[in-house]
Structure formats: structure tokens, C-alpha cells
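An overview of the molecular structure
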Amino acid sequence: MAVPFYRHALPACYAERVASVLASPFLTSGPRCQEVETTLRRFFGAGSAKLTSSWTQGAVATLLALDIGPGDEVIVPAMTFAATANVVRQVGATPIFVDVDARTLLMDLTQAGQAVTTRTRAVIPVHLYGQMVDIPSLRAVIPESVKIIEDAAHCFEGTRDGRRPGQLGDAAIFSFYATKNVTCGEGGAVVTNDLALADALAQTVQHGMSASAARRFEGHTYRHWDIARLGTKANLPDLLAVLLEPQIAEIDLQLQIRERLCRRYEAALAGTPFKWPTIDADAVSARHLFPIHVPGGARDAVLNALGEAGIGATVNYRCVPALSLYRTAQAQLRYPISWHWGEGTLSLPLYPSLREDEQDEVIAALRRSIATTGLSGAEPAPIAF
């Protein structure tokens, strides 16, 4: 049985929502975006929500809105998708890497505090795989002047101590990419309770323009615009935004399904050589991905075995300072946990439409790979996850 890594769950009736936009005057950012932004504000208990064309462009627009640029430093975890560091480079600032916690794979908060210098303008904690970083504990180890920009690309529905992303940080940035728990193919959003940041962000998502396309034609009278700050092109069109609201309404039900599937994986793989991150008792993970660590240098062999069995799997993620653009000779020594995880991790199929018989096929293929790749006698991982 072939089991794809991902299968979206948007039904054909969503075409009617797109058709409603095609019948309206606005294809780009307009009233449908405003409706979704209202929904996001309510869901996250935030003062402002701004839809963006992607997580990446939302992050660039946020950094520009905070006037972060050349000469500034931004602290990021070494274990994340490269975009977390790339956006810092894109505005001319310098990403400063720190390692992650051995249990959760979330940013090591002690190291984050130690990495602060007079040039540090922001920290980007990543809610990796769906589990939130402890934002109050992060705030306790960094100066008040340093902004906390939460990378919540994996964590739309996650909580910690009952709080959602964006409620305690200066901003939280989400992704609506094709494989995310809430998706419109491509897209993102920035939520914040900092109204000054929200005002600046409204401009930086639209080249720095003082008025959006919708505002320029309000009341059937053209309004002149100005550019007072540098921006980017980061707005989301109504044509995509219209897909989001029904998914947000069902997100709690979808989380229950994801949690059940993850617990089935955990029960079935207990006692095997595979390891996975720990979820803290005070956190509710969004369960965006189910990653495992394969010991003994056998990750690629297991990937190949899964592929031959028709099982979709991928790598999320390699240690960023081990990638060519950021590579340093000391990556393995300076970021041992990120490096070790990145050399052994792979992600299994996980989505609400994954059937139990499909999941059983994934589990069976993994169990077969233990023998075929020699994992049954593999040395235990030197770092516990």
C-alpha cells in the first residue's frame, strides 16, 4: 500500500469559495482578507492580525517594521528550517545561532540569554513541530529591549499554559503553506498586540506604501499614497484567503485526530531504536509533524527502505549551520544536539485523513527496516530526545 507523506483535505466545495471571489471586484487583498484577519484576531486574542503571502515574507515585513537591518543581530535556533535564518540575512542583519534543548528540540533558553550582545535586536524562538517555546522563561533571560518574534509556522493551534502564540511575544508569524495544519497553498499571517508594530507592518507588507489597493479606492474616490519606509511585497490575495476560515473553525477537531495518530505512532514504536521529541506537560502541541531520530548513521537507509515500500517520508530538518550557506567547521561541536538530530531525523506521514490501515503500513515498514538496516544492534543515540 502506497502512503503519501501528505494529503490535503480541502474538499471540492472549496471551489465555490474561490468562485465567490472571482465574482467580486477584488482578487488581491480586499474584504475577504479583512474577514479572515478578524477571525485570526479573535482566535489568538491579538490586537492585530495581518495576512501575508508566506511565512517568509511575513517575517521580512516584520523585521523591516521593527527597523532591524545592517549591524543588528537576531538570535535563532540552529535546528529549524533555513528560512528562520534566511529572513535575517535578507534584511541585512546577522543570525546568531544557539543550540536546542536535548528533550524538546526547542531553543535552549540559557544559550539564548548568553548570546545577547549590544547588537541584539530580536530573538526568533521556533515552535518546532508544533510545541511552543516557553516565552515567559525566554523573556526572563533577555533584555526587555530585545524583541521576541515567534516562528509559529508549525504551531497554529498549539498552546502553553493555556496561551497561544503571539499573546506574550512581540509578534507571532504563521504559515499557510500547502502542508500546514491550516493551508491555502501559500500564505501566512503575523499577529501582534503591539499596535505601533501593527501600523508599521501594514505598510511594510505593501512596499512601504501608506495605503493598500483597497484603501486607495475607498468611497469611489482615488486617494494618493506615499512611501515613508522600506517595505516588501507580502500581501495575501482574497483569492487564497477565502480558503482559510472553514479550516480555522475545525482546527480543534483536526488536532484531536492528529493527537490520536501521534499516540498510535508512539505506542507502536516504543521499545524500538527510534526516538522522538518530548512534549512538556504544560504544552499542547499542534502536532504538525511526527519526526523520529534514526541512530547509528542509518537514517538514509531507513528513508530508502520506506521509499521502496511506497511510504512517503522527508527530512525536517538538518542543522542550519551545517548547510553550505551557513557552514562552519565547528558546527558539530558548537551545536551538538542540532547537528546530531539533523543527521538522523526523518518525518513520517501525518495528516487528519491518514487512515489507521495506512498508518499501520508505515509502522510495519519501519519495523522491517530495523532488521534490514542493522538497527537492531545499533548503539543507542549519545544524546537523548
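To start, this report covers the structure provided alongside it. Just so we're clear, the structure is a prediction, and the values are computed from it rather than from any experiment.

Below, the discussion takes up helix α11 (residues 251-269). Taking 1.5 Å of rise per residue, 19 residues should cover 27 Å, and α11 covers 27 Å from first to last C-alpha, within 8% of that figure. For α11, every residue scored as buried is listed here: Ile 251, Gln 254, Leu 255, Arg 258, Leu 261, Cys 262, Tyr 265, Glu 266, Ala 268 and Leu 269. Of the surrounding secondary structure, the elements contacted by the buried residues of α11 are α2 (31-44), α10 (245-249), β9 (283-284), β10 (290-293), β11 (345-348) and α15 (356-372).

Here we take up a nonpolar patch on the surface. Together, Tyr 222, Trp 225 and Ile 227 make up a nonpolar patch on the protein surface, roughly 310 Å² of accessible area in all. By secondary structure assignment, the location of Tyr 222 is in the loop between α8 (213-216) and α9 (238-241). For Tyr 222, a relative accessible area of 43% gives the class partly exposed.

Here His 154 shows up in the loop between β5 (147-151) and β6 (159-160). A polar contact of 2.8 Å, which involves the side chain of His 154, links it to the backbone nitrogen of Tyr 129. Side chain to side chain, His 154 and Tyr 317 meet in a polar contact 3.0 Å long. If we skip the residues at most four places from it in the chain, His 154 touches His 127, Leu 128, Tyr 129, Gly 130, Lys 180, Ala 286, His 288, Leu 289 and Tyr 317.

One way to put it is that α11 packs onto α15 with a least axis distance of 11 Å and a crossing angle of 30°. Classified by the interaxial angle, the pair formed by α11 and α15 is roughly parallel. The handedness of the crossing between α11 and α15 is right-handed. Contacts between α11 and α15 involve Arg 260, Leu 261, Arg 264, Tyr 265, Ala 268 and Leu 269 from the first element and Glu 356, Gln 359, Asp 360, Val 362, Ile 363, Leu 366 and Arg 367 from the second. In terms of residue class, the contact of α11 with α15 is made up of seven nonpolar, one polar and five charged.

A sheet is described by the order of its strands in space; here seven strands give the open sequence β1-β8-β7-β5-β4-β2-β3, paired in mixed fashion. Edge positions in the open sheet fall to β1 (48-52) and β3 (94-98), since each of these has one partner strand only. The mean inter-strand angle of the sheet, taken between neighbouring strand axes irrespective of direction, is 25°. Where helix α3 (residues 55-65) meets the sheet, it contacts β1, β5, β7 (171-175) and β8 (188-192), and its direction lies at approximately 160° from that of β7.

The next thing to look at is the pairing of strand β4 (residues 120-123). Both faces of the sheet carry side chains from a regular strand, because those side chains alternate between them. Judged from the three bridges that link them, strand β2 (residues 73-77) and β4 form a sheet pairing that is parallel. Considered in β4, the bridge of Val 74 is made with Ala 122. Two strands pair when backbone bridges link them, and β4 and β5 are joined in this way by two bridges, in the parallel orientation. Bridging from a neighbouring strand, Val 123 pairs with Ile 148 of β5. Note on the crossover from β4 through helix α6 (residues 135-141) to β5: the handedness is right-handed.

Moving on to unusual backbone geometry. With an omega of 0°, the peptide bond between Asn 316 and Tyr 317 qualifies as cis. With respect to the element layout, Tyr 317 can be found in the loop between α12 (299-308) and α13 (331-334). One non-glycine residue, Leu 105, lies in positive phi territory at about 70°. The topology assignment puts Leu 105 in the loop between β3 and α5 (109-114).

Taking 1.5 Å of rise per residue, the 17 residues of α15 would be expected to cover 24 Å, and the 24 Å separating its terminal C-alpha atoms lies within 8% of that figure. By the burial criterion, the buried members of α15 are Glu 358, Gln 359, Val 362, Ile 363, Ala 365, Leu 366, Ser 369 and Ile 370. Looking straight down α15, one finds that the buried residues subtend no more than 160° of arc, so they occupy a single side. Along α15, exposed side chains directed more than 90 degrees from the buried face belong to Ala 371 and Thr 372. Contacts made by the buried residues of α15 are with α11, β10, α12 and β11. Where α15 ends, the next residue or the one after it, Gly 374, has phi of about 75°, a positive value.

So, how was this worked out
- Residues numbered from 1 in each chain as written.
- Predicted model: local features only at pLDDT ≥ 70, side-chain atom pairs only at ≥ 80, totals over all residues.
- Heavy atoms only, no water.
- Helix = DSSP H or I, 4+ residues; strand = E, 2+ residues; numbered from the N terminus.
- Expected span 1.5 Å × (residues − 1).
- Buried < 20%, exposed > 50% of the residue type's maximum accessible area, 1.4 Å probe, protein only.
- Contact = heavy atoms within 4.5 Å.
- Patch = residues over 30% accessible without salt bridge, like charges linked within 9 Å, V, L, I, M, F, W, Y side chains within 5 Å.
- Areas by Shrake-Rupley, 256 points an atom, 1.4 Å probe, with all protein chains shown as cover.
- Salt bridge = Lys/Arg side-chain N within 4 Å of Asp/Glu carboxyl O.
- Polar contact = N/O pair within 3.5 Å; in protein donor to acceptor, adjacent residues only side chain to side chain.
- Axes fitted to C-alpha atoms, helices over the stretch in contact; angles between N-to-C directions.
- Parallel < 35°, antiparallel > 145°, perpendicular 65-115°, else oblique.
- Left-handed = near helix turned anticlockwise from the far one by under 90°.
- Nonpolar A, V, L, I, M, F, W, Y, C, P; charged D, E, K, R; others polar.
- Pairing = 2+ DSSP bridges.
- Right-handed = clockwise from strand over helix to strand, strands pointing away.
- Arc of directions from axis to C-beta.

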